[in-house]
Amino acid sequence: MTAAVRIEMALHRAFIFLGPPGAGKGTQSRRFAERCGVPHLSTGDMLRDAVTRGTELGRLARPIMERGELVPDDVVMKMVEERLAGPDCAGGFVFDGFPRTLPQAERLGRVLEKNGFGKPVVVDFEVSPDVLMRRLTGRWTCSVGGEIYNVYDAPPKVPGICDHDGGKLVQRPDDRPEVVKERLVAYERQTKPLAAYYRRQGVLDVVDASAGVEQVSRALEEIVRRVEGRDGRL
Ligand SMILES: [Zn+2]
């Protein structure tokens, strides 16, 4: 990734990336935002930042997060609304992992409209459950240096041992098969209806997220070009 490949555009719109855990939307959304020169917005990061800075929202959210509970929609929406009013968001922005639920999507639509943004561009990262299971349950992490391996796609030279520092590889609780299955089921139930919602609005694009990082990046670029052709204003 170099500055030369930066996509020059004033989006003035929201890009929303939908996809299950393991679909690679974190990596792609960061990369995409950087190339477009727009902010990458993750509500998780925003909440943690508000807590660190001790803002009013942060003080409200902190005890909830410390109890391990979900921060209520009202709080999240207020935070998103404040963030979108920031001058750096005027040229557009990329949401990573938001909205998660239909009520959030509906409220976001109203916030976007109120702030003069057009309809969002929504990209659904489609991956087969088999590929997701492999990606997530195959992930083992070095207990010393934190290096990440995948026993199927990027195995260490010696099983169970880190190539760099000889550290023991461990599987994070979140990456165990039974937990992964639960995460994927929760995603299907809660977030999958969003794809249908945005499809009905005519703003949904789909990428094959089983493909490699470069290929998915190119597919996203093509979507930008297509939106540009449709709207003539990007
Ligand atoms: Zn290591």
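Shown above is the structure to which this text applies.
Cut-offs used in this document
- Residues numbered from 1 in each chain as written.
- Predicted model: local features only at pLDDT ≥ 70, side-chain atom pairs only at ≥ 80, totals over all residues.
- Heavy atoms only, no water.
- 1 Å grid on protein atoms, 1.4 Å probe; cavity = no way out; pocket = protein on both sides within 12 Å on 5 of 7 lines; lining within 4 Å.
- Points joined across faces, edges and corners; volume = space filled by probe spheres on them.
- Helix = DSSP H or I, 4+ residues; strand = E, 2+ residues; numbered from the N terminus.
- Nonpolar A, V, L, I, M, F, W, Y, C, P; charged D, E, K, R; others polar.
- Pairing = 2+ DSSP bridges.
- Donors = N, O, S within 2.8 Å, 3.2 Å for Na, K, Ca; no water.
- Buried < 20%, exposed > 50% of the residue type's maximum accessible area, 1.4 Å probe, protein only.
- Phe/Tyr/Trp six-rings, centres within 6.5 Å; stacked < 30°, edge-to-face > 60°.
- Contact = heavy atoms within 4.5 Å.
- Axes fitted to C-alpha atoms, helices over the stretch in contact; angles between N-to-C directions.
- Salt bridge = Lys/Arg side-chain N within 4 Å of Asp/Glu carboxyl O.

What follows is about empty space enclosed by the protein. Going through the model one piece at a time under the given rule, you end up with one cavity of 30 Å³ or more. One number sums up the size of the largest cavity: a volume of about 40 Å³. Every element with two or more residues in the lining of the largest cavity is listed here: α1 (25–36) and α9 (213–231). Looking at the lining of the largest cavity element by element, the count peaks at four residues for α1. Looking at side-chain class alone, the lining of the largest cavity contains two nonpolar, two polar and three charged residues.

Let's shift gears to the sheet that holds strand β4 (residues 121–126). Taken in spatial order, the five strands of this open sheet run β2-β3-β1-β4-β8, and their pairing is parallel. Only two strands of the sheet have a single neighbouring strand rather than two, namely β2 (40–41) and β8 (204–208). Two elements, β4 and β8, share five bridges in a ladder whose sense is parallel. Within the sheet, the bridge partner assigned to V123 lies in β8 and is D205.

This paragraph deals with the coordination of the zinc ion. Every protein donor of the zinc ion is accounted for by C142 (SG), E147 (OE), C162 (SG), D165 (OD) and D165 (OD), and the metal-donor separations fall at 2.1 to 2.4 Å. For the zinc ion, the single-chain donor residues occur in sequence as C-x4-E-x14-C-x2-D. With a relative accessible area of 35%, D165 lands in the partly exposed category.

Okay, the packing of aromatic side chains next. Within the structure shown, the criterion is met by eight aromatic pairs. For the pair F15 and F32, a centre-to-centre distance of 4.8 Å together with 50° between the ring planes defines the contact as tilted. You can see F15 sitting in strand β1 (residues 14–18) and its partner F32 sitting in helix α1, a full 17 residues away along the chain. For F32, a relative accessible area of 4% puts it in the buried group. Measuring from ring centre to ring centre gives 5.0 Å for Y197 and Y198, while their planes differ by 65°; the resulting arrangement is edge-to-face. On the basis of relative accessibility, which here comes to 2%, the residue Y198 falls in the buried class. Here the aromatic cluster, defined as three or more aromatic residues joined through ring pairs, consists of F15, F17, F32 and F125.

Another point: the sheet that holds strand β7 (residues 169–170). Pairing within the open sheet is antiparallel, and its three strands lie in the order β6-β5-β7. Lying at the two open borders of the sheet, with one neighbouring strand each, are β6 (148–150) and β7. Summarising the sheet, strand β5 (residues 139–142) and β7 pair through two bridges and their orientation is antiparallel. Paired with C142 across the strands is L169, a residue of β7. Against the sheet, helix α6 (residues 129–137) makes contact with β5 and β6, and its axis sits at roughly 15° relative to β5, the strand it touches most.

This part is about the pattern of salt bridges. All told, the structure shown has 13 salt bridges when counted by the stated rule. Between D88 and R83 there is a salt bridge, and its shortest N-O distance comes to 2.8 Å. You can call D88 partly exposed: its relative accessible area is 42%. Among the ionic pairs, D175 bridges to R139, the shortest N-O distance being 3.2 Å. Here D175 is found in the loop between β7 and α7 (177–190), whereas its partner R139 is found in strand β5, with 36 residues between them in sequence. The structure contains a network of salt bridges with shared partners spanning R139, D175 and R183.

Right, let's get into the layout of surface pockets. Taken as a whole, the largest pocket spans an internal volume of roughly 930 Å³. Going through the elements one at a time, β1, α1, α2 (43–53), α6, β6 and α7 are the ones with two or more residues in the lining of the largest pocket. Among the residues making up the lining of the largest pocket, the classes are represented as eleven nonpolar, eleven polar and twelve charged. Of the volumes computed, that of the second largest pocket is approximately 390 Å³. With four residues, the single largest contributor to the lining of the second largest pocket is α2.

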